[in-house]
Amino acid sequence: MNYNDIKNLEGIFALRAVYVCGGKKKAAEAMNSSVDTVGKHISQLEANLNVKLVKESKTACSLTPEGMRVLEAMKSLDTIWEKICYEKNAKKDVSGTVTIGLATGISTYFFPENIMDFIEKFPLLRLELLQIKEKPKSDDAMYDITISYAPFETGDMVPIFKKELKCGYFVSARYLAKYGYPKDFDDLIKNHRIVCKKNWESYSDKYGDALDDCKKIVTMTDLSSILLYMVQYGAGICVAPLIFKEEGAVCLDNIPCDTVFTVYLSAHRSVKDTPKVRTVIDYCKDLISKMVLEE
C-alpha cells in the first residue's frame, strides 16, 4: 500500500460519512475533523478516480450515482472492520469456565492438536471436560456443551452440529503376523478373535447380527480406549472410526465395513450464544471435523 492508496481510503471514509450524516458539516463533526478536510479528502478521491462523487447545492449535499457505486463497492471494508472489532472484543469477553460433557467413546479420538494456539488466543478461558455416557440423558443437561454418539433426550440441549465417521475393521501388525489376514467378512467372524463394544446398537445391523453368533469374542467393554489398546496389543479385531489409522493400527481394507458412527455436538440453550460458549463450540466443531478420515 502506497501513499496514494492511503489518501484514497481517507476519501472513501469521508464519502461514507457524508452519506451517513447527510452532509459535509455533520460528517466533519462525526469524524472530529473540519469541513475543509472532509472536502479535501473527497476531492482527492474524485481526482484519482476521475469522476464526480458528491453534488452540492446551497441547501443540500448528496452522493452522485457514481458516488453511490463507489460506496457500494467498498462495503467489504465495513465487513473487515466489523470482524476486527469482533475479534478484539471476543478476546476480552471470552473468559470463565465452559463445561464439556464428553462421551467415553469419543474421547478416544478427541485429539486437541491446536489446543496450545487456542489457549494462547483465549487465556482467560478454562475448559472443564467431564465424562458422560454414550447416550446422554436429562442429567447431562448440566453441561454447557456435550459431545456424544447419540442425540440428546432433553429439550434443554440444542443440537448444534453433527458429523458421520466412517468405520473400518482394525487389527495390530503383530496379530496379522501370527494369524494372517481374514479373507472376507465370514472368515473374520468365524475364524478370528473379536474385540467389541458391549453396546452393539452402535454397530451396523450386519455386524451386530454376526456378533450374536460369533464364538470368538474375547473382549467386550464400554471403555473405547481400553478396547483400542486391546487391539493394539494383539487381542483381536475391532470396528473403529477410520481416524484410528493414525494410531498405528492396520485397517483391513479388503473387508467392506458399513458401520458409521455419528458424532453429535449439543449446547445448553441458556448459554449457547454467550461469547465463551460460542467460542468453545467453534473449537469443538473444528476438532470433530478433523475426526473425519476418508477411506
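As the structure is a prediction and not an experimental result, all values here were calculated from the model. (Residues numbered from 1 in each chain as written. Predicted model: local features only at pLDDT ≥ 70, side-chain atom pairs only at ≥ 80, totals over all residues. Heavy atoms only, no water.)

### Description of the overall build of the chain
Our working rule: Helical segments are the DSSP runs of H or I of at least four residues, strand segments are the runs of E of at least two, and each set is numbered from the N terminus. The quantity called the radius of gyration is restricted to C-alpha atoms. Its globule counterpart is 2.2 Å times the number of residues to the power 0.38. Whether two residues are in contact is decided by their heavy atoms: any pair within 4.5 Å suffices.
Helix and strand counts for the chain stand at twelve helices and eleven strands. Its C-alpha radius of gyration of 30 Å places the chain more than 25% over the 19 Å reference for a compact globule of 295 residues. Along the first, second and third principal axes, the C-alpha atoms of the chain reach 95 × 40 × 30 Å. For the chain, restricting intrachain contacts to residue pairs at least 6 apart in sequence, the fraction spanning at least 24 positions comes to 71%.

### As for the state of the cysteines
Under the convention used in this document: Here, a disulfide means two cysteine sulfur atoms that sit within 2.5 Å of each other.
The tally for this structure, following the rule as stated, stands at zero disulfides. Cys-214 forms no disulfide, and the closest cysteine sulfur to it belongs to Cys-196, at a distance of 7.8 Å.

### A word on the pairing of strand S5 (residues 145–148)
To be explicit about the condition: Here's how the labels work: a residue is buried when its accessible area is under 20% of the maximum for its type, exposed when over 50%, partly exposed in between, all with a 1.4 Å probe on protein chains only. Between any two strands, at least two bridges found by DSSP are needed for them to pair.
Neither face of S5 is open: one carries Ile-145 and Ile-147, the other Thr-146 and Ser-148, and all of them are buried. Sheet analysis places strand S3 (residues 96–103) next to S5, joined by three bridges and oriented parallel. Within the sheet, the bridge partner assigned to Gly-101 lies in S5 and is Thr-146. Of the strand pairs in this sheet, S5 and strand S11 (residues 260–268) are connected by four bridges, and their pairing is antiparallel. In the strand pairing of S11, Ile-147 is matched with Leu-265.

### A closer look at the nonpolar core
The following threshold applies: Take the buried Ala, Val, Leu, Ile, Met, Phe, Trp, Tyr and Cys residues and link them wherever side-chain atoms come within 4.5 Å; each set so joined is a nonpolar core.
Ile-145, Ile-147, Tyr-169, Tyr-207 and Met-291 are the most contacted members of the largest nonpolar core, which has 62 residues in total. It is helix H12 (residues 275–290) that contributes the most residues to this core, seven residues altogether. When residues no more than four places from it in sequence are discounted, the contact partners of Ile-147 are Ile-100, Gly-101, Leu-102, Ala-103, Ile-106, Phe-110, Ile-132, Val-263, Tyr-264, Leu-265, Cys-284 and Ile-288. Of all hydrophobic cores here, the second largest spans 16 residues; its members include Leu-15, Val-18, Val-54 and Val-70.

### Examining the environment of Ser-62
Mapped onto the elements, Ser-62 comes out in strand S2 (residues 61–63). The sequence separation of Ser-62 and Gly-96 amounts to 34 residues, and the corresponding C-alpha distance is 48 Å. Once residues lying within four places of it in the same chain are set aside, the contact partners of Ser-62 are Leu-53, Val-54 and Lys-55.

### Here we look at the pattern of salt bridges
Condition: Any carboxyl oxygen of Asp or Glu within 4 Å of a side-chain nitrogen of Lys or Arg constitutes a salt bridge here.
Counted according to the given criterion, the structure contains seven salt bridges. In this structure, the salt-bridge partner of Lys-24 is Glu-56, at a minimum N-O distance of 2.9 Å. Of the two residues, Lys-24 sits in helix H2 (residues 24–30) while Glu-56 sits in strand S1 (residues 54–56), which places them 32 residues apart along the sequence. Since its relative accessible area comes to 52%, Glu-56 is described here as exposed. Between Lys-272 and Asp-273 there is a salt bridge, and its shortest N-O distance comes to 3.0 Å. According to the relative accessible area criterion, Lys-272 is buried, its value standing at 19%. Relative accessible area serves as the criterion here: at 56%, Asp-273 is assigned to the exposed category. Taken together, the shared-partner salt bridges connect Lys-272, Asp-273 and Arg-278 into one network.

### Description of unusual backbone geometry
The backbone phi angle of Asn-32 is positive, close to 55°, even though this residue is not glycine. Here Asn-32 shows up in the loop between H2 and helix H3 (35–49). Judged by relative accessible area, Asn-32 falls into the exposed class, the value being 74%. The phi dihedral of Asn-50 is positive, around 60°, even though this residue is not glycine. By the element assignment, Asn-50 lies in the loop between H3 and S1.

### Some remarks on the side chain of Thr-146
Among the secondary structure elements, Thr-146 is positioned in strand S5. Residues in contact with Thr-146, not counting those within four places in the same chain, are Gly-101, Ile-132, Asp-140, Phe-152, Met-157, Tyr-264, Leu-265 and Ser-266.

### Some words on the packing of helix H1 (residues 3–21) against H3
This is how it is decided: Each axis is a line fitted through C-alpha atoms, and for a helix only the stretch in contact is used; angles between axes span 0 to 180 degrees, taken between their N-to-C directions. Comment on the angle field: the value is read as roughly parallel under 35 degrees, roughly antiparallel over 145, roughly perpendicular from 65 to 115, and oblique elsewhere. For any pair of crossing helices, the crossing counts as left-handed if the nearer helix is rotated counterclockwise from the farther one by less than a right angle, and right-handed if it is rotated clockwise.
Direction vectors running N to C along H1 and H3 enclose 120°, while the axes themselves pass 8 Å from each other. By the angle between their directions, the pair H1 and H3 is classed as oblique. Crossing hand, H1 versus H3: left-handed. When H1 is examined against H3, the residues Asn-4, Lys-7, Asn-8, Glu-10, Gly-11, Ile-12, Ala-14, Leu-15 and Val-18 are found in contact with a partner set consisting of Val-38, His-41, Ile-42, Gln-44, Leu-45 and Asn-48.

Interpretation note: all reported values are geometric properties and have no functional meaning in isolation.
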